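Take a look at the letters that make up each chain.
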Amino acid sequence: MANWVDIGVIAVLNGLAIGLLLFVVAVGLSLVFGMMDVLNLAHGAVFVAGAYVAWWVVGGSPTWTGWLAALGVALAVGALAGGGLLLMTGPLARRSHLEQALLTLGVALVVAELLSLAFGEDVRSVSPPPGLGGTVSVLGNAYPAYRLLLIALGAGLAVAAHVVVERTPLGALVRATVADRDMVAAVGIDARLVRAGVFVVGSMLATTAGVLGSPIYSPRPGLDSTILILALVVVVIGGLGSVRGALVAALLIGQIESTGRALLSDLASFLLFGSLAIVLALRPRGLFAGAIGGQH
Amino acid sequence: MGAAGAGRLARPPYRPGYAHVGWRAGTATTVAVLALASAPFFLAPYATTALTRMLIFALLAASLDLLVGITGLPSLGHAAYFGVGAYAAGWIAGHGTAAAPAPLLAAVAAGALMAVALGWVAVRSSGVFFLIITLALAEVVRQLAVSWEPVTGGSNGMYGIAATRVGGTALTNVAHLHWYVLFWFLVGLLVLWSLSASPFGATLRGIRDNEPRMRAVGYRPFRYKLAAFVAAGAVAGLAGGLLAAQQRLATPEDLGFTTSALALLAVVIGGSGTIWGPCLGAALVILVRDSFGPSLDGHGPLVLGLVFIVVVYAMPRGVAGVRWSRRRPQLRTKAG
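Predicted, not measured: the structure shown is a model, and the values here were computed from it.

**Remarks on the overall build of chain A**
Item 1. A count of helices and strands for chain A gives eleven helices and two strands.
Item 2. Going from the N terminus to the C terminus, chain A shows its helices and strands as α-α-α-α-β-β-α-α-α-α-α-α-α.
Item 3. Reported as C-alpha extents along the three principal axes, the dimensions of chain A are approximately 60 × 45 × 35 Å.
Item 4. Sequence separation of 24 or more characterises 78% of the internal contacts of chain A that already satisfy a separation of 6 or more.

**Points about the overall build of chain B**
Item 1. Summing up its helical and strand segments, chain B has 15 helices and four strands in all.
Item 2. Within the span of chain B, comprising 336 residues, buried residues form 54% of the whole.
Item 3. For chain B, contacts bridging at least 24 residues in sequence account for 78% of all contacts bridging at least 6.

**Focus: the interface of chain A and chain B**
Item 1. Contacts between chain A and chain B engage 32 residues on the former and 35 residues on the latter.
Item 2. Of all elements in the fold, only α4 (97-119), α9 (223-238) and α11 (268-282) of chain A reach the threshold of two or more residues within the side of chain A that touches chain B.
Item 3. With 14 residues, α4 of chain A is the single largest residue contributor to the side of chain A that touches chain B.
Item 4. Its residues assigned to classes, the side of chain A that touches chain B comprises 22 nonpolar, six polar and four charged.

**Describing helix α4 (residues 79-95) of chain B**
Item 1. For α4 of chain B, spanning 17 residues, the distance from its first C-alpha to its last is 24 Å, which sits close to the expected 24 Å at 1.5 Å a residue.
Item 2. In terms of burial, α4 of chain B is a largely internal element, 15 of the 17 residues being buried.

**Remarks on α9 of chain A**
Residues and elements named next belong to chain A.
Item 1. In a regular helix each residue adds 1.5 Å, so 16 residues correspond to 22 Å; α9 covers 22 Å between its end C-alpha atoms and thus fits that length.
Item 2. Burial analysis of α9 places 15 of its 16 residues in the buried class, which makes it a mostly covered element.
Item 3. Following α9 by one or two positions, Gly-239 has its phi on the positive side, about 100°.

**Brief notes about the pairing of strand β2 (residues 141-144) of chain A**
All names here are of chain A.
Item 1. The sheet contact formed by strand β1 (residues 135-138) and β2 spans four bridges and is antiparallel. Residue pairing for β2: Val-136 is matched across the bridge by Tyr-143.
Item 2. The hairpin formed by β1 and β2 contains two residues between the paired strands, and Leu-139 there has a positive phi angle of roughly 50°.

**So, unusual backbone geometry**
Residues and elements named next belong to chain B.
Item 1. Non-glycine residue Arg-248 carries a positive phi angle of around 50°.
Item 2. With respect to the element layout, Arg-248 can be found in the loop between α11 (221-247) and β4 (249-250).
Item 3. In this structure, Ile-275 is a non-glycine residue whose phi angle is positive, near 65°.
Item 4. With respect to the secondary-structure elements, Ile-275 resides in the loop between α12 (257-270) and α13 (276-292).

**Here we look at the environment of Ala-197 of chain B**
Residues and elements named next belong to chain B.
Item 1. Structurally, Ala-197 is set in helix α8 (residues 174-197).
Item 2. Look at Ala-197 and you get partly exposed, because 17 C-beta atoms sit within 10 Å.
Item 3. Separated by 176 residues in sequence, Ala-197 and Val-21 have C-alpha atoms that sit 9.8 Å apart.

**Here's the deal with the confidence of the model for chain B**
Residues and elements named next belong to chain B.
Item 1. Mean pLDDT over chain B stands at 83; residues scoring 70 or higher make up 87%.
Item 2. Taken element by element, the predicted model of chain B shows its lowest mean pLDDT in helix α1 (residues 2-7) (45) and its highest in α11 (94).
Item 3. Across residues 1-7, confidence stays below pLDDT 50; counting only partners more than four residues off in sequence or on other chains, it has 26 contacts.
Item 4. With pLDDT under 50 throughout, residues 325-336 is counted as low confidence; its partners more than four residues away or in other chains account for eleven contacts.
Item 5. The ipTM assigned to the predicted complex is 0.80, against a pTM of 0.84.

**Looking at the confidence of the model for chain A**
Residue and element names in this part refer to chain A.
Item 1. When pLDDT is averaged across chain A, the result is 83; 95% of the residues are at 70 or more.
Item 2. The spread of mean pLDDT over the elements of chain A runs between α11, the lowest at 74, and helix α2 (residues 43-57), the highest at 91.
Item 3. Below pLDDT 50 for its whole length, residues 291-296 participates in 19 contacts with residues either more than four positions away or in separate chains.

**As for the environment of Ser-116 of chain A**
Residues and elements named next belong to chain A.
Item 1. Tracing the sequence through the fold places Ser-116 in helix α4.
Item 2. The class of Ser-116 is buried, set by 23 C-beta atoms lying within 10 Å.
Item 3. Separated by 132 residues in sequence, Ser-116 and Val-248 place their C-alpha atoms 33 Å apart.
Item 4. Not counting residues within four places of it along the chain, the set of residues in contact with Ser-116 comprises Glu-121 and Pro-221.

**Let's talk about the packing of α12 of chain B against α13 of chain B**
Residue and element names in this part refer to chain B.
Item 1. Two elements in contact, α12 and α13, have axes whose closest approach is 7 Å; the angle formed by their N-to-C orientations is 120°. Taken together, the axis directions place α12 and α13 in an arrangement best described as oblique. Viewed along their axes, α12 and α13 form a crossing whose handedness is right-handed. Across the interface between the two elements, Leu-262, Leu-265, Ala-266, Val-267, Ile-269 and Gly-270 of α12 pack against Gly-277, Pro-278, Cys-279, Leu-280, Gly-281, Ala-282, Leu-284 and Val-285 of α13.
Item 2. In the contact of α12 with α13, the residues fall into eleven nonpolar, three polar and no charged.

Rules used in this analysis
Residues numbered from 1 in each chain as written. Chains lettered and ligands numbered in written order. Predicted model: local features only at pLDDT ≥ 70, side-chain atom pairs only at ≥ 80, totals over all residues. Helix = DSSP H or I, 4+ residues; strand = E, 2+ residues; numbered from the N terminus. Contact = placed C-beta atoms within 7 Å. Buried ≥ 20, exposed ≤ 12 C-beta atoms within 10 Å, placed from the backbone. Nonpolar A, V, L, I, M, F, W, Y, C, P; charged D, E, K, R; others polar. Expected span 1.5 Å × (residues − 1). Pairing = 2+ DSSP bridges. pLDDT = per-residue confidence, 0-100. Axes fitted to C-alpha atoms, helices over the stretch in contact; angles between N-to-C directions. Parallel < 35°, antiparallel > 145°, perpendicular 65-115°, else oblique. Left-handed = near helix turned anticlockwise from the far one by under 90°.

If you want it as structure tokens, here you go:
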């Protein structure tokens, strides 16, 4: 009996860590789609770029300065990636959503190949910062200390995103743009700068998540589509353009992913995508799409 | 947003009723088929094998075009049906019979059955939602192929698939294999073309261009979209069966995201909605991946990604959308 409780505690903590990480990745994807109708299929590649930055800067001999430098470099890379994608999708603004998605798919292929050219085909493992490589006792269970830090940081970022989007004038503008872009323009607000900002900040969050997640999701070829698919599942379940939805869906997916793996390892992905299918059958636009948005 | 958005990729003329084949198209088709059939006499064996692979991938791309170009459903998970066809053909060849049509029939049946099951969920959505859902469902299928090791061979794939036998002799000769693939390629293409040219195809185009109106007229779009999805899945399964016959190997890669993305790439490069355009696109994709790929250290997708980006910007209707007519203003057509 105690054994089951132990497995449960570890699985819930793992789920929390994965879920919060997924939220940080998915919130940018969700808001960019909500505000600009651009489905950024290169988002997974941006995440992996952050993870490779962590390996390149931190590597196998971690120091705190190395980690902070990696975060700094990753933020710069994220800003560049976001800006680049913004410039590339700009000329296609009058074309269909599909063509913009295809463009980002092409970018994702190119970025993934460039990364594997630069960093090779091997799995690159990243060590946690010094002092966090060991385990901490949680309710009598040994648990990796770094994952607890990840939970704390992820929760902090989630709260920050929630406060900015739900409680500030800027966030009100973001929500209004998601809900009805033309009306925002009609009342005389030029939201172009805010949209560009959301694109850039979303990419920066993705690279940050790449750095923070690198000790768990070691950078390797193919990780980009894994992360992209998980983030897309989060975004679809939560409802495109909803921060609250993305948070709830990310936590849900994190729990399904980790408890699923702990209990029925072979069936974990079926649970994951089964829940996606159920949500889509019951609420085709996601759980929280009605809360804000609903233009589709 | 979905139907109208996807429809802008290509908009061939809307013709209710059956389409006719003009003498020009007929001549071009005859010449192409004769050239493909006589290729093994002129080409080195490895070049013939590359051509055979192009035919297989072209059939996959053409079947995807039935969804993307004609029905307006952009699928990013079409390799699932292709890979399932390959596994089914391989399994039947190993555990049942490898005599000629049996593995292919199993492949078609497997592709169609899976398309019924997954399409029933997927075609309820449209546009980018359809893209995401097909991607996610294909990922489930890939996971299944990796984890169901006793049947699929896990991440190593199913290797050493028994060679298909025609009339008692095993198809190991490169030229014979090429003709076998060519025959079934033509059958598959004929099925796709007949569907596209029939009133059924006209209804699909109607749904693509204006679904609410088709519903108002009395059609049930769900049924038509599901039927198109199943037909595309069946033909993709056929292509997968041919893949198993040719490379005698089925791997989770064949089901994966990259294969799906390359198939979609072939459709977009070739020009969606034309059936023949995606075949050209597929030939180009395979040429870049398999012929230039090795000299680029296996980074063919890098070139393909760049080609993809250029095509999305410069040729929204693909190769097939470039008008080769005498009227100069139409030389460069852009999506309206």
